[in-house]
Amino acid sequence: MNTETIPSESNVIDKTQRVIEIRNLEKSFGDRRVLNKVNLEVFARENLAVLGRSGSGKSVLIKCIVGLLKPDSGVIQVLGYDVPSLSAAELNELRLQVGFSFQGSALYDSMSIRQNLEFPLKRNLGIFDKKELDDKIMTSLKEVGLEHTVDQKPAELSGGMKKRIGIARTLILKPKIMLYDEPTSGLDPVTAAEINELILEVRDRYHTASIIITHDISCARQTSDRIVALINGESKLNGTFEELKATHDEELERFFNY
Amino acid sequence: MAVVWTRTNGEIFPQLSNIIFDRSHQKPHTRSTTHNMLLARVLLTSLKSFCMKLTKALTNVATIYRFVVRFFKEAIFPPYEWRELLNQCFTIGNKSLFLITFTCFLAGIVFTKQSQPSLASFGAESWLPSLVSQGVIRSLGPLITGLICAGKLGSNMGAELGSMQVTEQIDAMEVSGTRPFSYLVVTRVLAATLMLPLLVMYADGVALLGSFIMVNSFNDSSLVLFFNEVTASINYIDVTSSIVKAALFGFAIGIISCYAGYHSENGTTGVGKAANTAVVASMIFIFIIDLIVLQSLNLIR
Ligand SMILES: Nc1ncnc2c1ncn2[C@@H]1O[C@H](COP(=O)(O)OP(=O)(O)O)[C@@H](O)[C@H]1O
Ligand SMILES: [Mg+2]
């Protein structure tokens, strides 16, 4: 990764500006209640980790944030938009400001890396100028250290590379908020550490607020300013890693002990 | 559910359950009340499961309805996806052309050869070109093309969109504001609707060519003569209805296959299921549409 462009200033969380606020969020699938009283808030330039076991509804939670799923009840405010009540056009407007890195990277298999990155530029911003596209694509790829993959297909890349391309594809739209769904799952520890590093760099360079969804305690510790635990569909124990470690919650201790 | 069923099923047949569970020590009176209660429970559970199935079927109908409405809305109002539409048209033509050529050519030969003896037995062998041309244009050409495309395009669209759905690629397009529905679904359905008529016309031509070769082997008639007889025996309604039918086939294949793919779930098994549903449902609908068009034509004629 090209470390020379990292700004030296340390990140300052702007506590006066709430970019995401979720209150009493509930979501069920059929009889099964997946989210039950989730409360959380994210401030500008803050990285929040949401820690929870597999199947605890973490993916459902961030899909509610971008309006991919509709909650049964509760408030979701993102950048001043009330998400559940948005029209399609407003939702689009909001989504352009939110980057979403998917659990499985979700790169478009049928397209090359260049086309993957072009896709949102052409279709959202209406940029068709070849040179401008090229500039933006190369800048974004450089950001994640993968310029050489530009003409490859997603199937030719490793899991960690796919994750980084996925992040580059969202960064190309200059989002104000980043949502990461299990950024390190399925990666070896070294690659995972690189991704963690990248998440911090993105925050520092783009001044984004982020939610990092994870079941990986070391990812949560390294990438986040604050951690919320999602246990049985409820958000609990809001605090820094050290604060969480000091509380003696049974469910959480199992995480720390692994 | 399964547990309840096996238990209650045993109780419906009192003798059997008595033998199995050895209830001889129970008093007859309590036994009959338990039976009544259990019978009520069986009825209730089956009623409940029936209601659940009905609700599920109705929700499915509702989502299909919304899917079709959404298709028309996004197809009619801009922005239009010309480039991707062209791309899909080309893909569809490219994918099915060879198979259609092959199958229709053979079908033309077989159909002609099979019709020849029966016509000859009436001494009406000279009607062979007109019989064949009506058979090919009204029925054989559209049907073969429709079925080939249902297999080829249906499985392709179902699997492609299905795998995009289960690997969250469609979600990724959705959250980057790139309107996946119009990009993926509208273009495919429109392309199928536009291309099927072209393919059917081509298929008719190939089938008639096969048929000509057969006719020529019987009586050495010239190509010009054969096609004169063909054009004389088919009318405007035959051609128009065949084109309309083909467009309906294309629309059905496109919308069914895209629906199956777009709404697939449960990971990789869901992709296989989507492709399968796409092909089977498309084929069934092709026969249904064929019948409906035939009936409506009979009303017009
Ligand atoms: N579209 C859906 N339909 C039905 N159930 C779902 C759906 N999405 C998620 N679930 C259920 O919600 C629960 C939480 O899923 P998810 O949020 O993916 O977990 P994770 O925390 O591992 O990301 C799971 O038990 C899953 O079965
Ligand atoms: Mg998940």
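For clarity, every value in this text was computed on a predicted model and none was experimentally measured.

Draft legend 1. Up close: the overall build of chain B. Counting secondary structure elements, chain B contains 10 helices and 0 strands. Element order for chain B, N to C, with α for helix and β for strand: α-α-α-α-α-α-α-α-α-α. Within chain B, the fraction of its 301 residues that count as buried is 44%. Restricting the contact set of chain B to residue pairs at least 6 apart, pairs at least 24 apart contribute 82%.

Draft legend 2. Structural context of the overall build of chain A. Looking only at helices and strands, chain A has 9 helices and 10 strands in total. For a compact globule of 258 residues, the expected C-alpha radius of gyration is about 18 Å, and chain A comes in at 18 Å, within 12% of that figure. With the C-alpha coordinates aligned to their principal axes, the bounding extent of chain A is approximately 55 × 40 × 35 Å. Buried positions account for 53% of the 258 residues belonging to chain A.

Draft legend 3. Main features of the domain arrangement of chain A. All names here are of chain A. Domain boundaries in chain A define domain 1 (13-97 + 176-256) and domain 2 (109-174). A separation of 25 Å is found between the C-alpha centroids of domain 1 and domain 2. Domain 1 puts 16 residues into the contact, and the matching count from domain 2 is 12 residues. Contact between domain 1 and domain 2 buries roughly 1300 Å² in total, counting both sides, with carbon and sulfur atoms accounting for 65%.

Draft legend 4. Up close: the packing of helix α9 (residues 236-262) of chain B against helix α10 (residues 267-300) of chain B. Residue and element names in this part refer to chain B. The geometry of α9 relative to α10 is characterised by a closest axis approach of 9 Å and an angle of 155° between their N-to-C directions. The pairing of α9 with α10 is recorded here as roughly antiparallel in orientation. Remark: the crossing between α9 and α10 carries right-handed chirality. In this structure, α9 uses Ile237, Ser241, Lys245, Leu248, Phe249, Ala252, Ile253, Ile256, Ser257, Ala260 and Gly261 to contact α10, whose residues at the interface are Ala274, Thr277, Ala278, Ala281, Ser282, Phe285, Ile286, Ile289, Asp290, Val293 and Leu297. Residue classes in the contact of α9 with α10 are distributed as 15 nonpolar, 5 polar and 2 charged.

Draft legend 5. Molecular detail of unusual backbone geometry. For the bond from Pro78 of chain B to Pro79 of chain B, the omega torsion is 5°, close enough to zero to count as cis. By secondary structure assignment, the location of Pro79 of chain B is in the loop between α3 (28-76) and α4 (82-121). Backbone geometry places Arg45 of chain A, a non-glycine residue, at a positive phi of 60°. For Arg179 of chain B, which is not a glycine, the phi torsion comes out positive at approximately 50°. The exposure class of Arg179 of chain B is partly exposed, given its relative accessible area of 27%.

Draft legend 6. Just the side chain of Ser140 of chain A, in detail. Residue and element names in this part refer to chain A. Within the secondary structure, Ser140 is located in helix α4 (residues 130-143). For Ser140, a relative accessible area of 3% puts it in the buried group. Looking at Ser140, its side chain comes within polar contact range of the main-chain oxygen of Ala168, at 2.8 Å. Sequence-distant contacts of Ser140, that is, excluding residues within four places in its chain, are made with Leu117, Ala168, Leu171 and Ile172.

Draft legend 7. Just the site of ligand 1, in detail. All names here are of chain A. Around ligand 1, the surrounding shell consists of Phe29, Arg32, Val34, Arg53, Ser54, Gly55, Ser56, Gly57, Lys58, Ser59 and Val60. The separation between an oxygen atom of ligand 1 and a polar side-chain atom of Ser59 is 2.7 Å. When ligand 1 is considered free in solution it has 560 Å² of accessible area, and contact with the protein chains removes 60% of it. Within the residue set of the shell around ligand 1, elements represented by two or more residues are β2 (32-44) and α1 (58-65). Top contributing element to the shell around ligand 1 by residue count: α1, with 3 residues. Classifying every residue of the shell around ligand 1 by side-chain character gives 3 nonpolar, 5 polar and 3 charged.

Draft legend 8. The arrangement of the coordination of the magnesium ion (ligand 2) in detail. Residues and elements named next belong to chain A. At this site the magnesium ion (ligand 2) is bound by Ser59 (OG) and Gln103 (OE1), with donor distances of 2.0 to 2.6 Å. Note that Ser59 is positioned in helix α1 and Gln103 in the loop between β6 (98-101) and α3 (113-125), a separation of 44 residues in sequence. Judged by relative accessible area, which is 32%, Gln103 ranks as partly exposed.

Draft legend 9. Structural context of the pairing of strand β9 (residues 226-231) of chain A. Residues and elements named next belong to chain A. The element β9 is extensively covered by neighbouring structure, given that 6 of its 6 residues are classed as buried. The alternating pattern of β9 places Arg226, Val228 and Leu230 and Ile227, Ala229 and Ile231 on opposite faces, both of which are buried. Two elements, strand β3 (residues 47-51) and β9, share 4 bridges in a ladder whose sense is parallel. Each bridged residue has a counterpart across the sheet, and for Val50 the counterpart in β9 is Val228. For β9 and strand β10 (residues 234-239), the ladder comprises 5 bridges, and the chain directions are antiparallel. Its bridge partner being in β10, Ala229 is matched across the sheet by Lys236. Connecting β9 to the antiparallel partner β10 that follows it, the hairpin turn spans 2 residues, and Asn232 within it adopts a positive phi of roughly 45°.

Definitions and limits used
Along each chain, residue indices are assigned from 1 in the same order as the chain's sequence is written. Just so you know, chain letters begin at A and ligand numbers begin at 1, following the order they were written in. Owing to the predicted nature of the model, reporting of local features is limited to residues with pLDDT of at least 70; listing and counting of side-chain atom pairs is limited to 80 or more, with chain, interface and lining totals taken over all residues. Processing note: side-chain calculations cover all non-hydrogen atoms of the structure and skip hydrogens and water entirely. For the purposes of this entry, the term helix denotes a DSSP run of H or I that reaches at least four residues, the term strand denotes a run of E that reaches at least two, and both are numbered from the N terminus. Under the scheme applied here, a residue whose accessible area is under 20% of the maximum for its type counts as buried, over 50% as exposed, and between as partly exposed, the area being computed with a 1.4 Å probe on protein chains only. Here, residues are in contact when the closest pair of their heavy atoms is within 4.5 Å. We compute the radius of gyration over the C-alpha atoms and compare it with the globule rule, which gives 2.2 Å times the number of residues raised to the power 0.38. These domain limits were set by an automatic method or by a database of domain assignments. Note on terms: buried area is the combined drop in 1.4 Å-probe accessible area of two parts once they are placed together, counting the loss on both. Orientation is described by axes fitted as lines to C-alpha atoms, over the contacting stretch for helices, and by angles from 0 to 180 degrees between their N-to-C directions. Note on angle classes: values under 35 degrees are labelled roughly parallel, values over 145 roughly antiparallel, values of 65 to 115 roughly perpendicular, and the remainder oblique. Should the near helix be turned anticlockwise from the far one by less than a right angle, the crossing is left-handed, and should it be turned clockwise, the crossing is right-handed. Under the scheme applied here, ten amino acids are nonpolar (Ala, Val, Leu, Ile, Met, Phe, Trp, Tyr, Cys and Pro), four are charged (Asp, Glu, Lys and Arg), and all others, including Gly, are polar. Distance and chemistry together define a polar contact, namely a pair of N or O atoms within 3.5 Å, with one atom able to donate a hydrogen and the other to accept it when in protein, and with adjacent residues in sequence counting only for side-chain atoms on both sides. By convention in these notes, a residue is near a molecule or strand provided one of its non-hydrogen atoms lies within 4 Å of it. Each accessible area value is a Shrake-Rupley result obtained with a 1.4 Å probe; residue values ignore everything except the protein chains displayed when judging cover. Ligating atoms shown are N, O and S within 2.8 Å of the metal, or 3.2 Å for Na, K and Ca, and water is not included, meaning a site may look less than complete. Whether two strands pair depends on DSSP finding at least two bridges between them.

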